[in-house]
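Chain and residue survey
Read off the chains here:
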Amino acid sequence: MIPQEKYSLIVLEIVATRDIEVDEEVFIDYGIEWEEAWNVHIRDWRSPCDNSHVLSSKAIRLMNDDKFNSEFHAWSRSHYTVCTIDGQNADLVHLLKDGDGPLYSEEQSLFEYHGIKWDHSGFNYLGPDSASNRKPCLIFSASKENDTFEVVIFYGSTESPSRRILQLQQNISAEAIEFIDLPFRSDMHRKEAFRHPIYIPDEIFPRQWKDLL
């Protein structure tokens, strides 16, 4: 899974004290407390995805194997769409907060564009890196024959906090589109997810490392 992820993950480096043979497995002992807690979790766990309104992270990843399925195009309570843009020229729409006047006469300045308003949640998913080329987007139409989509991208804000920008993209490739979990809605963020500390036994450390004790 790591090569598929587009963000940093927690990594633990392991140093071998002997050669590892081909096809030999490496096991990690999490400790008896972790194992007992895991067994209790497995015994008592009930899937939240029995509710049809909740999608698991695995189900959302699998959507990307069937991107032209229109049932996936509308955002849900669990997932949304991101597009990787290549910087090519595209039409822009400036969305105005209610009560503001037009921004520029030569560009589209609207209070609403196909149901999208200034306060649409898509702008909240932009994240702190506004320069990123991976942005939230909505699918307007799809052409399976051409392997392309027409989308509107939540591009960012202007210097004025009451004006936000949409970018209209036609013929964006299917490869540039991805369905992902909503922020803080993935499996690991669920209150019923398994959480328990993994203790490292003292004897795993060389005696020379313990000279401060």
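Note that this is a predicted model, so its numbers are computed, not measured. (Residues numbered from 1 in each chain as written. Predicted model: local features only at pLDDT ≥ 70, side-chain atom pairs only at ≥ 80, totals over all residues. Heavy atoms only, no water.)

This paragraph deals with the state of the cysteines. Applying the stated rule across the entire model yields 1 disulfide. One disulfide in the model links Cys 83 with Cys 137; its S-S distance is 2.1 Å. Around the S-S axis, the bridge from Cys 83 to Cys 137 shows a dihedral of about 75° and counts as right-handed. Taken together, the residues Cys 83 in strand E1 (residues 79–84) and Cys 137 in strand E6 (residues 134–143) connect sequence positions 54 residues apart. Owing to a relative accessible area of 0%, Cys 83 belongs among the buried residues under this scheme. (Disulfide = S-S within 2.5 Å. Helix = DSSP H or I, 4+ residues; strand = E, 2+ residues; numbered from the N terminus. Buried < 20%, exposed > 50% of the residue type's maximum accessible area, 1.4 Å probe, protein only.)

Let us look at the pattern of salt bridges. In the structure shown here, the tally under the stated rule is 4 salt bridges. The salt bridge partner of Asp 44 is Arg 43, with a shortest N-O separation of 2.8 Å. A residue is classified by how much of its surface remains accessible, and Arg 43, at 57% relative accessible area, is exposed. In this structure, Arg 190 and Asp 187 form a salt bridge, with 3.3 Å as the shortest nitrogen-oxygen distance. (Salt bridge = Lys/Arg side-chain N within 4 Å of Asp/Glu carboxyl O.)

A grouping of Leu 12, Ile 14, Ile 28, Tyr 30 and Ile 198 is seen on the molecular surface, where their side chains present a nonpolar patch of about 520 Å² in accessible area. Within the element layout of this structure, Tyr 30 appears in the segment before helix H1 (32–44). (Patch = residues over 30% accessible without salt bridge, like charges linked within 9 Å, V, L, I, M, F, W, Y side chains within 5 Å. Areas by Shrake-Rupley, 256 points an atom, 1.4 Å probe, with all protein chains shown as cover.)

With the rule as written, the count across this model stands at 12 aromatic pairs. Seen from their ring centres, Trp 38 and Phe 194 are 5.1 Å apart, and the 80° between their planes marks the pair as edge-to-face. Taken together, the positions of Trp 38 in helix H1 and Phe 194 in the segment after strand E9 (177–181) put the pair 156 residues apart, joining distant regions of the chain. Taking the relative accessible area as the measure of exposure, Trp 38 reaches 33% and is therefore partly exposed. Take Phe 194: its relative accessible area is 23%, and that puts it in the partly exposed class. By the ring-pair criterion, three or more aromatic residues cluster together here, those being Trp 75, Tyr 80, Phe 123, Tyr 125 and Phe 154. Here the guanidinium or amino end of Lys 135 rests over the ring plane of Tyr 155, the centre of that ring lying 5.3 Å away. The ring of Trp 118 has Arg 164 sitting right over it, with the charged end atom 4.1 Å from the ring centre. (Phe/Tyr/Trp six-rings, centres within 6.5 Å; stacked < 30°, edge-to-face > 60°. Lys NZ or Arg CZ within 6 Å of the ring centre and 35° of its normal.)

What follows covers the pairing of strand E8 (residues 163–173). In terms of burial, E8 is a largely internal element, 8 of the 11 residues being buried. Summarising the sheet, strand E7 (residues 148–157) and E8 pair through 8 bridges and their orientation is antiparallel. For Phe 149, the partnering residue across the bridge sits in E8 and is Ile 172. (Pairing = 2+ DSSP bridges.)

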